[in-house]
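Summary of the model geometry
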Amino acid sequence: MPRVRIVHTTEYNYASPVTLAEHRLMMRPRDSHDLRLLDATLGIVPAGATIRWAHDVFGNSICYLDWPKGRTDFLRIVSTLDLEHYPGHEALPIEPAAETYPFRYAGDEYPDLSRLIEPHYPDPDRQVEAWARRFLRPAGNTQTRELLIAMTEAIKADFTYEARETKGTHAPLQTLASKRGACRDFAVLMMEAARALGFAARFVSGYLYDPALIDCVDPMIGGGTTHAWCAIYLPGAGWVEYDPTNGLVAGRNLIRVCTAREPHQATPLSGGYIGRPEDFLDMTVNVEVMVGDPPGFDFRAKDAVAGPPNGRMPTAVALATRQPDAKVATPAELGTEASLGDLDLTPS
């Protein structure tokens, strides 16, 4: 049961004051049997934003920010999460009828899963399907669990990871041809490969906490930043998470924030501004993930986050929620984070 503290900060700087358009945040995870959200804080500079919360079509928690008036040359948004994680186990039992592939989903589940089963990207020559079928046994049935684990591990072993901050996700055919991509590209490739075989798959966005923060082991790819992976629905076991970037199974070390049918529906932060294109100077993003196993782990040691590079400290803080498990952020708790200019913070 690791205790995890995440400080996700974004900052935008502008050459001259601009008007901030609406921003959309997906940074608050849902409390569940595998994740207990102890505290959530959202700090916003400049203050004065109109704040509203909603659930999207997938049940994810969405925060909308809108500044009704005023102009600024600076925006900072800091999300701080304190949570306990209860990782799932990759050996979760699967219903006997689904232990071997192929199998069929139950009739009462199929209507809810059908949109997640059908492929979402063109594959006219069925190259993605052909790649997926490499993991099937030449004769007889294939063990479902072994099939998906082999697919996860093959992407980890055969593809080259490249962090990418630009907007968008590569199509599976592009990732398959280049053998390289960002975590979101690998997640989409595995989703489409699984869908080609008839599995229901969805996109997951969140954070990866690295065991290297606790133990002296080689660091995982994407540790301490936003991360993307996928989940496959297996009867009996439910939604089982697979991280093809790191070869991880069943949510181990993965902090799920939101799930969606496609990557663009799970963008952590997006927004825009009204001004000239040349007004945008830069964007800085920092995600700090601190891990420890209580008792004896003191989160207070890193409560203070450094101020922005230009030395300005926030003069006001807006509380983004009055929910019971949220608190008002103080200037000392704020870090650097921002968003603007039709940019998003898609997991790299």
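Residues numbered from 1 in each chain as written. Predicted model: local features only at pLDDT ≥ 70, side-chain atom pairs only at ≥ 80, totals over all residues. Heavy atoms only, no water.

**Quick notes on the overall build of the protein chain**
If you tally the helices and strands in the protein chain, you get five helices and 18 strands. For the protein chain, the proportion of contacts with a sequence separation of at least 24, taken over those separated by at least 6, is 78%. (Helix = DSSP H or I, 4+ residues; strand = E, 2+ residues; numbered from the N terminus. Contact = heavy atoms within 4.5 Å.)

**Let's talk about unusual backbone geometry**
For the bond running from V45 to P46, omega is 10°, close enough to zero to count as cis. With respect to the element layout, P46 can be found in the loop between β3 (35-45) and β4 (50-55). The step from Y101 to P102 runs through a cis peptide bond, and the omega angle for that step is 10°. Even without being a glycine, R126 presents a positive backbone phi close to 55°. Of note, R126 is situated in the loop between α1 (110-117) and α2 (127-133). Even without glycine at this site, K179 takes up a positive phi of about 60°. Mapping K179 onto the fold places it in the loop between α4 (172-178) and β10 (180-181).

**Structural notes on α1**
The α-helix advances 3.6 residues per turn, and as a result positions three or four apart in sequence lie on the same side. What α1 keeps buried is the set L113, L116 and I117. Projection of α1 onto a plane perpendicular to its axis shows the buried side chains occupying an angular sector of 100°, all on one side. (Buried < 20%, exposed > 50% of the residue type's maximum accessible area, 1.4 Å probe, protein only. Arc of directions from axis to C-beta.)

**A few points about the side chain of E129**
Along the polypeptide, E129 turns up in helix α2. A relative accessible area of 15% places E129 in the buried class. Only 2.8 Å separates the side chain of E129 from the side chain of R126, close enough to count as a polar contact. Setting aside anything within four residues of it in sequence, one finds E129 in contact with D123 and A196. (Polar contact = N/O pair within 3.5 Å; in protein donor to acceptor, adjacent residues only side chain to side chain.)

**Looking at empty space enclosed by the protein**
Tallied over the full model, the rule gives three cavities of 30 Å³ or more. Computed from the structure, the largest cavity encloses a volume of approximately 110 Å³. Around the largest cavity, the lining is made up of twelve residues, and of these M27, R28, L42, W53 and S79 lie nearest the centre. Secondary structure elements with two or more residues in the lining of the largest cavity: β3 and β6 (72-85). (1 Å grid on protein atoms, 1.4 Å probe; cavity = no way out; pocket = protein on both sides within 12 Å on 5 of 7 lines; lining within 4 Å. Points joined across faces, edges and corners; volume = space filled by probe spheres on them.)

**Brief notes about helix α3 (residues 144-158)**
Under the 1.5 Å per step criterion, the end-to-end length of α3 is 21 Å for 15 residues, consistent within 8% with the ideal 21 Å. Along α3, the residues classified as buried are T144, L147, L148, I149, M151, T152, A154 and I155. (Expected span 1.5 Å × (residues − 1).)

**What about the sheet that holds strand β11 (residues 201-208)?**
Pairing is antiparallel in the open sheet, where five strands are placed in the order β14-β13-β12-β11-β15. One side of each edge strand has no neighbouring strand; the edge strands of this open sheet are β14 (248-249) and β15 (254-260). Where α3 meets the sheet, it contacts β12 (226-234), β13 (238-243) and β14, and its direction lies at approximately 30° from that of β13. Lying over the sheet, helix α5 (residues 183-196) contacts β11, β12 and β13, oriented at roughly 15° with respect to β12. (Pairing = 2+ DSSP bridges. Axes fitted to C-alpha atoms, helices over the stretch in contact; angles between N-to-C directions.)

**Remarks on the sheet that holds strand β2 (residues 23-25)**
One open sheet holds the four strands; their spatial order is β4-β5-β2-β16, and the pairing between them is antiparallel. Strands with a single pairing partner mark the edges of an open sheet, and in this sheet they are β4 and β16 (269-270). Pairing geometry for β4 and strand β5 (residues 61-66), over six bridges, is antiparallel. By the bridge assignment for β5, W53 is matched with C63.

**Side note on the packing of aromatic side chains**
Counting across every chain of the model gives twelve aromatic pairs. Arranged with centres 5.9 Å apart and planes meeting at 55°, the rings of Y12 and F280 form a pair that is tilted. Residue Y12 is found in strand β1 (residues 3-20), and its partner F280 is found in strand β18 (residues 280-292); the two are separated by 268 residues along the sequence. The exposure class of Y12 is buried, given its relative accessible area of 0%. The interplanar angle of 70° and the centroid separation of 5.9 Å between the aromatic rings of F159 and F186 together place this pair among those described as edge-to-face. Pair noted here: F159 is in the loop between α3 and β9 (160-161) and F186 is in helix α5, with a separation of 27 residues, a long-range link. These aromatic residues form a ring-pair network of at least three members: Y101, F103, Y105, F199, Y233 and W239. The ring of W53 carries R28 above its face, with NZ or CZ at 6.0 Å from the centroid. Cation over ring: R202 sits above W239, and NZ or CZ is 4.1 Å from the ring centre. (Phe/Tyr/Trp six-rings, centres within 6.5 Å; stacked < 30°, edge-to-face > 60°. Lys NZ or Arg CZ within 6 Å of the ring centre and 35° of its normal.)

**With respect to the nonpolar core**
Counting residues in each nonpolar core, the largest one holds 51 residues, and the members touching the most others are W131, F199, I232, L234 and Y242. Looking at this core, the element that brings in the most residues is α5, giving nine residues. Not counting the four nearest positions on each side in its chain, F199 is found in contact with Y101, F103, Y105, L116, I117, T144, L147, L148, A194, I232 and L234. (Core = buried A, V, L, I, M, F, W, Y, C linked by side-chain atoms within 4.5 Å.)

**What to know about the confidence of the model for the protein chain**
The predicted coordinates of low-pLDDT regions are not to be read in fine detail. Per-residue confidence for the protein chain gives a mean pLDDT of 82, with 79% of residues at or over 70. A low-confidence stretch, residues 299-346 (pLDDT under 50), is modelled with 166 contacts involving residues beyond four sequence positions or located in other chains. (pLDDT = per-residue confidence, 0-100.)

**Overview of the environment of E118**
Tracing the chain through its elements places E118 in the loop between α1 and α2. Between the C-alpha atoms of E118 and R195, which are 77 residues apart in sequence, the distance is 6.0 Å.

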